[in-house]
Amino acid sequence: MKVCYPGTFDPITAGHLDIIERASNKFDEVIVLIMQNPRKKCMFTAEERKYMIEKCIKSDNIKVEIGTGLTVEYAKQLGASAIIRGIRAVTDYEYELQQATANMKLESSIETLFLIAKPEYSFLSSSVVKEIAMNGGNTDGLLPEEISDYATERMKIE
Ligand code: ADP
C-alpha cells in the first residue's frame, strides 16, 4: 500500500521524522508531500524543505514531492490510497477530524490514517522549533541530526 504524508514541514522536526519512519515500516511506499499553501507564510522555501527531508530519510521506500492545491487530488495523482497524519494532542484531533472529513467528502476512496506522536515529541512543532532557534535557544533533539546545524543557523538569521 502506498501512502502519502502531507504537511508544511517548515522545517521537518524529529517528530515528523519519527512519523515518516514508522509509516515506512508499515507501508510499501511513503510519499512525503510538501504542500504549498499561498496563505501560509513559510520560513523555508519548498525546495529547502525538500532538501532537508531528503537528507534525513534512509529507506528506499520514502520519496519526497512538492504539491499545490488539494491534498486529496495530489494524493490520488500519486496513486496513494491513504493519507497519514500525526496526532499530538486533543487540539490536533479537532482540526484533523475536520480536515479528514472534508477530504472524505471530496474523495471517498482515500482514507486518512492517524499515527499517535511519541510522548517525547508530543509538544514539538515546527513553530516551537522556530521560536527557540530564532531566540538563540538550544534545539538539540528537536530537529533531525542530519539537518540540525543547517536549519538552526538558517532560522537564526531570519
Ligand atoms: P500542517 O500545516 O499540514 O499541519 P505540519 O508540518 O505542521 O503541517 O504537520 C504535518 C503533520 O505532522 C500533521 O498531521 C501534524 O499533526 C503532524 N505532526 C507535527 N508535529 C508532530 C510531532 N511532533 N509528532 C507527530 N506528528 C506531528
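For clarity, every value in this text was computed on a predicted model and none was experimentally measured. (Residues numbered from 1 in each chain as written. Predicted model: local features only at pLDDT ≥ 70, side-chain atom pairs only at ≥ 80, totals over all residues. Heavy atoms only, no water.)

Peer 1: Whenever I open this one, the site of the ligand confuses me. Can you help?
Peer 2: For the ligand, the set of nearby residues contains 17 residues, the closest of which are Tyr5, Thr8, Lys40, Gly86 and Tyr121. Between the ligand and the protein, one listed contact pairs an oxygen atom with a side-chain N or O atom of Tyr5 at 2.7 Å. Here a nitrogen atom of the ligand and a backbone polar atom of Tyr121 are 2.9 Å apart. Relative to its unbound accessible surface of 550 Å², the ligand loses 89% to contact with the protein. Residue assignment for the shell around the ligand shows that the elements contributing at least two residues are strand E1 (2–7), helix H1 (14–26), strand E4 (82–87) and helix H4 (90–106). Its residues assigned to classes, the shell around the ligand shows seven nonpolar, five polar and five charged. (Near = heavy atom within 4 Å. Polar contact = N/O pair within 3.5 Å; in protein donor to acceptor, adjacent residues only side chain to side chain. Areas by Shrake-Rupley, 256 points an atom, 1.4 Å probe, with all protein chains shown as cover. Helix = DSSP H or I, 4+ residues; strand = E, 2+ residues; numbered from the N terminus. Nonpolar A, V, L, I, M, F, W, Y, C, P; charged D, E, K, R; others polar.)

Peer 1: Any chance you could explain the sheet that holds strand E3 (residues 62–68) here in plain terms?
Peer 2: Across a sheet, paired strands are connected by hydrogen bonds in the backbone, their directions being either parallel or antiparallel. Reading across the sheet, the five strands line up as E3-E2-E1-E4-E5 and stay open at both edges, with parallel pairing between neighbours. A single partner strand is all that each edge strand has here, and the edge strands are E3 and strand E5 (111–116). Within the sheet, the average angular offset between the axes of one strand and its neighbour, ignoring direction, is 35°. The sheet strands contacting H4 are E4 and E5, and the helix crosses E4 at an angle near 170°. (Pairing = 2+ DSSP bridges. Axes fitted to C-alpha atoms, helices over the stretch in contact; angles between N-to-C directions. Contact = heavy atoms within 4.5 Å.)

Peer 1: For this particular structure, what's the right way to read unusual backbone geometry?
Peer 2: With the exception of glycine, the majority of residues adopt a negative phi angle, and the majority of peptide bonds are in the trans configuration. In the segment running from Asp10 into Pro11, the intervening peptide bond is cis, with an omega of 0°. The topology assignment puts Pro11 in the loop between E1 and H1.

Peer 1: Even after reading the chapter, I still don't get the packing of helix H2 (residues 46–56) against helix H6 (residues 145–156), so can you show me in this structure?
Peer 2: How two helices pack is summed up by the angle between their axes together with the distance between the axes. Closest axis-to-axis distance for the H2/H6 pair is 8 Å, and the angle between their directions is 155°. As summarised for this structure, H2 and H6 are arranged roughly antiparallel, according to the angle between their axes. Like other packed secondary-structure pairs, H2 and H6 cross with a definite hand, here left-handed. Where H2 abuts H6, its residues Glu48, Tyr51, Met52, Lys55 and Cys56 lie against Glu146, Ile147, Tyr150, Ala151 and Arg154. Class assignment for the residues of the contact of H2 with H6 results in six nonpolar, no polar and four charged. (Parallel < 35°, antiparallel > 145°, perpendicular 65-115°, else oblique. Left-handed = near helix turned anticlockwise from the far one by under 90°.)

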